[in-house]
Structures are given as structure tokens and as C-alpha cells.
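Read off the chains here:
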Amino acid sequence: MTTTIIKTTTKILTPLILVFGSYIILHGHLTPGGGFQGGAVFASGLALLIVANKYETIKTLFEKVPLSVFESIGALGFLGMACLGFAGYTFFKNVIANSGFPIFGGKTPVGINPGYLNTGGTLSYMNIFVGIKVLAGLTSIVLIFFLIMRRERDEW
Amino acid sequence: MNFMEFFWILQVLIGIGLLISAIVAIRFKNLIMAVIAMAVFSLILSLEFYVLQAPDVAIAEAGVGACLTTAMYLLAIKNTTDEEVIE
Amino acid sequence: MRTSLGLLAFIGFTLFLLAAMISLRPFGEPPHREMDDWFITHAQIEASANNVVTSIVFDYRGFDTLGEATVLFTAVSGVLMVLRRHKKEVKG
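Rules behind the numbers
- Residues numbered from 1 in each chain as written.
- Chains lettered and ligands numbered in written order.
- Predicted model: local features only at pLDDT ≥ 70, side-chain atom pairs only at ≥ 80, totals over all residues.
- Heavy atoms only, no water.
- Axes fitted to C-alpha atoms, helices over the stretch in contact; angles between N-to-C directions.
- Helix = DSSP H or I, 4+ residues; strand = E, 2+ residues; numbered from the N terminus.
- Parallel < 35°, antiparallel > 145°, perpendicular 65-115°, else oblique.
- Left-handed = near helix turned anticlockwise from the far one by under 90°.
- Contact = heavy atoms within 4.5 Å.
- Nonpolar A, V, L, I, M, F, W, Y, C, P; charged D, E, K, R; others polar.
- Salt bridge = Lys/Arg side-chain N within 4 Å of Asp/Glu carboxyl O.
- Buried < 20%, exposed > 50% of the residue type's maximum accessible area, 1.4 Å probe, protein only.
- Buried area = accessible area lost by both parts, 1.4 Å probe.
- Polar contact = N/O pair within 3.5 Å; in protein donor to acceptor, adjacent residues only side chain to side chain.

Let's shift gears to the packing of helix 2 (residues 34-46) of chain C against helix 3 (residues 52-60) of chain C. A packed helix pair is summarised by two numbers, namely the angle formed by the two axes and the spacing between the axes. All names here are of chain C. Axis separation between helix 2 and helix 3 bottoms out at 10 Å; the angle between their running directions is 65°. The angle between helix 2 and helix 3 places the two elements in the roughly perpendicular class. In this structure, the crossing between helix 2 and helix 3 has a hand that is left-handed. Of helix 3, the residues touching helix 2 (which contributes Phe-39, His-42, Ala-43 and Glu-46) are Val-52, Ser-55, Ile-56 and Tyr-60. Within the contact of helix 2 with helix 3, the residues separate by chemical class into five nonpolar, two polar and one charged.

By the definition in use, this model includes two salt bridges over all chains. Measuring nitrogen to oxygen at the nearest pair gives 3.0 Å for the salt bridge that ties Glu71(A) to Lys133(A). With a gap of 62 residues between them, Glu71(A) in helix 4 (residues 67-83) and Lys133(A) in helix 5 (residues 122-147) connect regions that are remote in the sequence. Each member of the pair, Glu71(A) as well as Lys133(A), carries the same accessibility label: buried. Notably, a salt bridge pairs Arg33(C) with Asp37(C), separated by 3.8 Å at the nearest N-O pair. Take Asp37(C): its relative accessible area is 36%, and that puts it in the partly exposed class.

What follows deals with the interface of chain A and chain C. Chain A puts 42 residues into the contact, and the matching count from chain C is 28 residues. Both sides together, the interface formed by chain A and chain C hides about 3000 Å², and carbon and sulfur atoms give 66% of it. Area buried by chain A at its contact with chain C is led by Phe92(A), Leu123(A) and Ile144(A), which between them contribute 19% of it. Applying the counting criterion to the chain A and chain C interface returns zero salt bridges. Counting across the chain A and chain C interface gives nine residue pairs in polar contact (both at pLDDT 80 or more). Mapped by element, the contributors of at least two residues to the side of chain A that touches chain C are helix 3 (55-62), helix 4 and helix 5 of chain A. If one sorts the elements of the side of chain A that touches chain C by residue count, helix 5 of chain A sits on top with 13 residues.

Printed below as a string of C-alpha cells:
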């Protein structure tokens, strides 16, 4: 499955899909989409990269990427962001929003507005952590399906 | 053509497309063709979600249903035999 | 015998689905609107995000998202546990 047409198409399409997935994750509190959707789009771009390349290339490329560490970082970060609400409030309380924190802590305008990226509080952090978790999990499933492939049928 | 006529024509076309792709995915004996028909089914279903004003579900369906499960099924078929065994 | 039974089941299921489709409410008019109106008017003040779906998923119904993350983690660890090799060459 590694013909020249597929390789060229993948080389052009993969950066666009990855940028679109990152955009959906980062703008989760403003536009449709969120952590799960953006992570799924990002993982589909990585799956395109995995399917369209040779076995040895993928193996040497993904040996240095700690996907299980990403998965754990996503789960623990999500729980930690939820536990931040214990500082005076309840679990899952949005404490960073409207507090003047420099990242994602700006004042949210009420009513119809164009949408400012520096708002959202813990929702934006939760979007990013869930996105990291989903992309690591789905990519590792596709990667393990690819890596258990028998060597003698590698031509296809 | 006003908006409601376009909406109902689109609904009928999406229904016919869903039915045809589902029947094709069931009836084909070549497994790779069946998997591609399932990807087409997921893509038409995500278009239906978008028409019904649920863009979140449309993005999730297009990402997971049309790309990731197709890649998983293709890799699983590649790990086993290509043709369905008929006895 | 099996064909007639299957045909009977097909006709019955089709009639059930047609009855369910006829008794649907019109598009965009759910039976209870009070909670939807509360979320639409108050989500921007209470959860401070423009996207109402995100504020419901991560703020009002946060425990649902926590359970979904747990389900995904369990699924991934199960797949990796079943399909791993016993040599030290696969890192996933």
C-alpha cells in the first residue's frame, strides 16, 4: 500500500488534518467541537500516516513517542483540573474563568460576541487534556493493529 | 427553490444513500469493498447529522466512523485472509 | 419456516418503526423546554464559555465526561493488553 500516489497524497493531506484537529481542540470553547472530536480528527491524520508508510519507517518513528505517557497525562490532568474546584468551591467548579489568570483566564463577554480565545477557564484546559488523551488512545490502538502485522504479507 | 424544499430533497437523498450503502456493505463478498461501503455509510450519516444541526456529533462521526474504524478494519483484514470463506 | 418467520419479524419491526416515526414530534420542538431554555440563557454567565455544548459536557455534566474518559482508558488498555507481543520491541 505504499505507492507513489498514496505517499504524495498523504504528504500533502496529513499536515492539514493535524492543523484542523489542533484548531478544533484549541477552539473547543468557542466553535463546535471539543476535546473528543479534535482528538479523533488528529488521530485520523496520524492513522493516515501509519497506514500509508512502510513497517520499518513507522516502527522507528513511533518508538520515540511515549503514547501511554500522553494518555496518563491526559487523564491525570483532567482529574487535576476538576480537583482545582476544591479551593473554596465544589468539584468541577470553574475557578480560573474571569479571574485574570494570564492563560485562558480573561473576562467572558455576555451576549452575542465574536468569541475571544483567552476565555473559558478550566473548560479550555479540560479540552486540551481530553484531546491529548483521546489522540494518544486511538493512535495507540491503530498503531498496535499495524505493529502485529505479519512480516511475510507486507507487500499488499 | 426555497429552504424547506431543499431540506426535504436533501433528507430523501440522504436516506436513499444510507440504504444503498448499507445494503452494499452487507451483500459484498469482497471484504475490502464492504469496509469502504461502511466508510461511505458513516460519511453520509455525518452529513445527515450536520443537516440536523448537530455539528459536534457530525465531526465525531466523520473522524471516528469514517477514518479510524476503516483503518482498524483494513489492518485487521490485512492481518487475516482477504476473501470470505464460503462453504 | 425460517423464511416466513423472518418475513413476519421484518413486517412487525417495520410497522413498529413506522408507528414510532408517525408519533414523533415536529423538528425542533421537544416536549420539555424549560431546562433547554435555562441552559441557553444562563450557560454563558455560569460556565463562561460561548459554546453551550462544551459548557454542558465539561461543567454541568462533568461526571459524564469523567466516566467516558475512564471507558476510553479501559478500552485502550484492554486492547494493548490482549494484542501486545511478549518481546520488548513494541511500545504503545
